[in-house]
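Each chain is listed here by its residues.
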Amino acid sequence: MSLKITGAGKGIPAKRVFNDELAGFLDTDDAWISSRTGIKSRYLCVDETLTDLSAAAASQALQNAGLSPGDIDLILCSTVGGDYRTPSLACCVAERVGARCPCFDVNAACTGFVYALEIASLFLRGGRAGNILIIAAEMMSALTDWTDRNTCVLFGDGAAACVVTAGNALRYLHLSSDAGADAAVLNIPGGGGNSPFAAGKRDSAFLRMQGQEVFKFAVGIVETEMLRMLDALKLSPEQIDWLLLHQANKRIIDCAVAKLKQPKEKFPCNIDRYGNLSSVSIPLLLFEMLEDGRLKPGDTVFMSAFGAGLTAGSCLMVWE
Ligand code: ACO
């Protein structure tokens with residue numbers, strides 16, 4: 001027994017920003033952004049908080065699962081930074097939707113949703129919870145330097161949620177992190193403060209990334225994770241119906257299509273509309289595929305995420 005997803009939801013800011021609007025204040029243009037990343041627009045918070053987006057996603061997921069907040073035994077939020085360092089974003093969502101249950105956040109960067117699935121499966125297997133709400137939520141616009149064209153054009157804001165309960169959908173899950181990786185490859189400094197005892201000013205600034213290093217890691221790890229899963233379950237690539245990859249760059253997805261030699265129609269994409277939403281990418285794809293009826297019972301769904309750390313996580317579900 002593992003888990004299945006019984007409802008999903010999304011919370012997206014109202015403001016959609018197209019590439020041309022960025023060219024109004026940055027030395028960039030739609031041609032560069034579209035051709036290098038596949039991104040055409042992203043949604044950015046104006047006056048929404050991350051709690052607003054998360055609560056909207058959570059409420060929709062609960063409604064689709066036919067549950068009320070009182071039915072939830074655990075709330076897990078995947079985020080690299082909630083509205084507060086503490087309380088957790090999960091606590092803020094619980095307060096907003098009226099749930100009274102244990103709550104905590106998970107930070108595994110863009111891989112956070114897959115890490116949260118693993119934690120949820122352990123709670124379910126241990127009999128410690130019956131219904132678990134997982135929310136992935138990121139306000140990347142607050143973490144990027146809007147004078148740095150190398151990074152700010154890549155990201156968006158949003159949330160996606162799902163309700164999980166005991167079931168047999170989850171057949172495989174594998175987590176990893178490259179402990180030897182240099183944090184300089186991709187990081188958001190978390191320092192700050194004004195301690196008179198600190199030896200020098202602590203760094204508190206915006207996301208920094210060595211884009212080409214992340215690109216190489218991403219392309220390699222998706223193939224490695226896919227082959228590991230196929231070997232573990234004795235499956236062939238043709239038996240996988242959908243490959244949901246973290247939406248970091250359309251060119252990374254194109255490389256995966258070529259390496260895995262699978263039809264590109266098996267790789268749903270939403271990076272063109274949303275940009276890189278970190279850990280929100282995969283649950284948002286799931287929500288969209290459920291909403292438009294693409295995802296059907298019996299479909300095999302491989303999910304593969306990668307991010308700062310460098311973390312990676314993948315799983316296979318046979319949709320119930
Ligand atoms: N507009 C116009 N020009 C730009 C922009 C921009 N927004 N950004 C960079 N450039 C310029 C650079 O200054 C550089 O100019 P130069 O040649 O005169 O020095 C030129 O474009 C090429 O820059 P590169 O960094 O070499 O461009 P590259 O083709 O590697 O693309 C990118 C950069 C899109 C970041 C790519 O490396 C990438 O996608 N990496 C993957 C990392 C990623 O997606 N990270 C997201 C977060 S991490 C995660 O989600 C796991």
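Okay, so let's go over this structure. (Residues numbered from 1 in each chain as written. Predicted model: local features only at pLDDT ≥ 70, side-chain atom pairs only at ≥ 80, totals over all residues. Heavy atoms only, no water.)

Turning our attention to the nonpolar core. Judged by nonpolar contacts, the single largest core of 42 residues is most densely connected at Met226, Met229, Ile240, Phe267 and Phe306. Residue assignment for this core shows that the elements contributing at least two residues are α6 (211-233), β11 (242-245), α7 (250-260), β12 (300-307) and β13 (311-318). In terms of residue count, α6 provides more of this core than any other element does, 10 residues in total. In this structure Ile240 touches Met226, Met229, Leu230, Leu235, Lys266, Thr300, Phe302 and Leu316, once residues within four positions along its chain are discounted. With 36 residues, the next largest nonpolar core counts Ala8, Phe113, Val114 and Cys162 among its residues. (Core = buried A, V, L, I, M, F, W, Y, C linked by side-chain atoms within 4.5 Å. Buried < 20%, exposed > 50% of the residue type's maximum accessible area, 1.4 Å probe, protein only. Helix = DSSP H or I, 4+ residues; strand = E, 2+ residues; numbered from the N terminus. Contact = heavy atoms within 4.5 Å.)

Attention shifts here to the site of the ligand. In the vicinity of the ligand lie 23 residues, with Thr28, Arg36, Gln212, Asn249 and Asn276 positioned nearest. Separating an oxygen atom of the ligand from a side-chain N or O atom of Gln212 is a distance of 2.7 Å. Within the side chain of His246, an N or O atom sits 2.8 Å from an oxygen atom of the ligand. Protein burial of the ligand: of its 1000 Å² of free accessible surface, 75% is covered by the chains. Of all the secondary-structure elements, those providing two or more residues to the shell around the ligand are α2 (30-37), α6 and β12. In terms of residue class, the shell around the ligand is made up of 10 nonpolar, nine polar and four charged. (Near = heavy atom within 4 Å. Polar contact = N/O pair within 3.5 Å; in protein donor to acceptor, adjacent residues only side chain to side chain. Areas by Shrake-Rupley, 256 points an atom, 1.4 Å probe, with all protein chains shown as cover. Nonpolar A, V, L, I, M, F, W, Y, C, P; charged D, E, K, R; others polar.)

A few words on the packing of α6 against α7. Packed helices, taken two at a time, are described by the angle their axes make and the gap between the axes. It is the contact of α6 with α7, at a shortest axis distance of 10 Å, that shows an interaxial angle of 35 degrees. Crossing handedness for the pair α6 and α7: right-handed. Between α6, through Phe215, Ala218, Val219, Val222, Glu223 and Met226, and α7, the contact on the second element is made entirely by Arg251, Ile252, Cys255, Ala256, Lys259 and Leu260. (Axes fitted to C-alpha atoms, helices over the stretch in contact; angles between N-to-C directions. Left-handed = near helix turned anticlockwise from the far one by under 90°.)

Turning our eyes to something else, we now look at the environment of Pro237. Position of Pro237 among the secondary structure elements: in the loop between α6 and β11. Taking the relative accessible area as the measure of exposure, Pro237 reaches 23% and is therefore partly exposed. Once the C-alpha coordinates of Pro237 and Gly191 are considered, the two residues, 46 residues apart in sequence, prove to be 44 Å apart. Not counting chain neighbours up to four residues away, the residues in contact with Pro237 comprise Met226, Leu230, Gln262 and Lys266.

Evaluated as defined, the whole model comprises 10 salt bridges. When the shortest N-O distance is used, the salt bridge between Lys216 and Glu213 registers 3.2 Å. Placement of both Lys216 and Glu213 in helix α6 is noted, with a separation of three residues, approximately one turn of the helix. Judged by its relative accessible area of 37%, Glu213 falls in the partly exposed class. We note a salt bridge from Lys259 to Glu223, for which the minimum N-O separation is 3.3 Å. Here Lys259, found in helix α7, pairs with Glu223, found in helix α6; they are 36 residues apart in sequence, far enough to count as distant. Classification of Lys259 by relative accessible area gives partly exposed; the value is 38%. Taking relative accessible area as the criterion, Glu223 reaches 26% and is therefore assigned partly exposed. (Salt bridge = Lys/Arg side-chain N within 4 Å of Asp/Glu carboxyl O.)

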